[in-house]
Amino acid sequence: MNDYHKPVLVEEVMQYMRCRKGGIYIDGTIGGGGHALEICRRIDGDGLLIGIDRDDEALAHAAEMLKEYSGCVRLIKGDFRYMKAMINDIGVNEVDGVLLDLGVSSHQLDDAGRGFSYNAEAALDMRMDKQQLLTARDVVNTYDEKRLYEIIKDYGEERWAKRIASFIVKERQRYPIETTDQLVEVIKRAIPAAARREGPHPARRTFQAIRIEVNDELNSIKDGLIQAMDCLKPGGRLCVISFHSLEDRLVKDTFRRWQNPCTCPPDTPVCVCGNKPVAAIVTKKPVTASPDEVESNPRARSAKLRVCEKL
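Computed from a prediction, not measured in an experiment: that's the story for all the values here. Counting starts from 1 at the beginning of each chain's written sequence and moves along it residue by residue. Totals for whole chains, interfaces and linings use all residues, but because this is a predicted model, local features are given only for residues with pLDDT of at least 70 and pairs of side-chain atoms are given and counted only at 80 or more. As a rule here, side-chain values come from all non-hydrogen atoms in the structure, and water together with hydrogens is ignored.

**Quick notes on the overall build of the protein**
Numbered from the N terminus, helices here are DSSP runs of H or I no shorter than four residues, and strands are runs of E no shorter than two. Across its full length, the protein carries 14 helices and seven strands. A globule of 311 residues ought to have a C-alpha radius of gyration of about 19 Å, and the protein, at 21 Å, matches this closely. C-alpha atoms of the protein, sized along the principal axes, occupy 60 × 60 × 40 Å. When accessible area is computed with a 1.4 Å probe and restricted to protein chains, residues below 20% of their type maximum are described as buried, those above 50% as exposed, and intermediate ones as partly exposed. Taking all 311 residues of the protein together, the buried fraction comes to 53%. The contacts of the protein with a sequence gap of at least 6 include a subset with a gap of at least 24, amounting to 70%. Using a 1.4 Å probe, accessible areas were evaluated by the Shrake-Rupley method; residue-level cover was limited to the displayed protein chains. Here the protein has roughly 14600 Å² of accessible surface; of this, 48% comes from carbon and sulfur atoms. Working convention for charge: Lys and Arg count positive, Asp and Glu count negative, and His plus the chain ends are omitted. The atoms used to mark charge sites are NZ of Lys, CZ of Arg, CG of Asp and CD of Glu. Across the protein, the centroid of the 47 positively charged side chains sits 5 Å from that of the 48 negatively charged ones. Here the globule rule is a power law, 2.2 Å times the number of residues to the power 0.38, and the radius of gyration is based on C-alpha atoms. Here a residue-residue contact requires only that any non-hydrogen atoms of the pair lie within 4.5 Å.

**Remarks on the side chain of Arg172**
Mapping Arg172 onto the fold places it in helix α8 (residues 161-174). Whenever a carboxyl oxygen of Asp or Glu lies within 4 Å of a side-chain nitrogen of Lys or Arg, that contact is scored as a salt bridge. Lacking a salt bridge, the buried Arg172 has Asp144 as its closest oppositely charged neighbour, with an N-O distance of 6.9 Å. With residues near it in sequence (within four places) discarded, Arg172 still touches Val140, Asn141, Thr142, Tyr143, Asp144, Leu148 and Ile177.

**Re the sheet that holds strand β1 (residues 24-27)**
Two strands make a pair as long as DSSP finds a minimum of two bridges between them. In spatial order, the strands read β3-β2-β1-β4-β5-β7-β6; together these seven strands make up an open sheet with mixed pairing. With one partner strand each, in any of the chains shown, β3 (73-77) and β6 (279-281) form the two edges of the open sheet. Shown here is a sheet whose adjacent strand axes are inclined to one another by a mean of 20°, direction ignored. As paired elements, strand β5 (residues 232-242) and strand β7 (residues 304-310) share six bridges and run antiparallel to each other. Axes here refer to lines fitted to C-alpha atoms; in helices the fit is confined to the stretch in contact. Angles between the N-to-C directions go from 0 to 180 degrees.

Right, here's the structure in full:
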């Protein structure tokens, strides 16, 4: 479907989003435009798709991908955490559905020059928006050991975070850590050989943690979920695809809080806090990719789709 970024759970998203002719939808992480293309086919020229992304390359590719539907597409550069102001700026107050496909795109991982991958040598970058100032090099070479440890432990859920942070600080005292290969070698030295022989690539969790820090991803998701709910019409749906436990937990907890915001003690016979539900959870369990999709697109293996509907 898309050589820039192969979208996951496309049919499932279309099913739950309930796209209709004349509807207005936001793809808050348009990437290569794979999901957006299917939305455009369903709104049939009478509706509007608002595509948002931080990455200029993604927006350029999406524009090419969606050129047949250019009359019903508005592409906006920015972070979806500000989507309410973005749609207001183009004269839209509310929408029928919002899709957030979280994390890094296939293209960003595969483009060695972006510095996201631990499998290819590149300058330490990892910025989704190339115009922002903070890079992975800055994080690795300027954050103190305690902060590095916290990032790797909390964002990477890495059991060897303390050793990795210590090894990074010792290494950079000799000379700056400039490339992905340099960082991978430091991480490998920090993790005992027996632990490296099992599980995923030893650098995977640390690279994930640094990427999340560079792009402020978790705070962006927190803000973006609230913004998405604020943008939806009653009955509109929010579809979120996550790829690791931190993202999924954040989405799950937010949806649960929206559905049951009561803060009264469990033994209180009648709710007195006054908090009212704002959404209903549509997917009681996360929707995952079929075996056939995982076989054709291995990156779909960790994808989880959760959906809620605004009351």
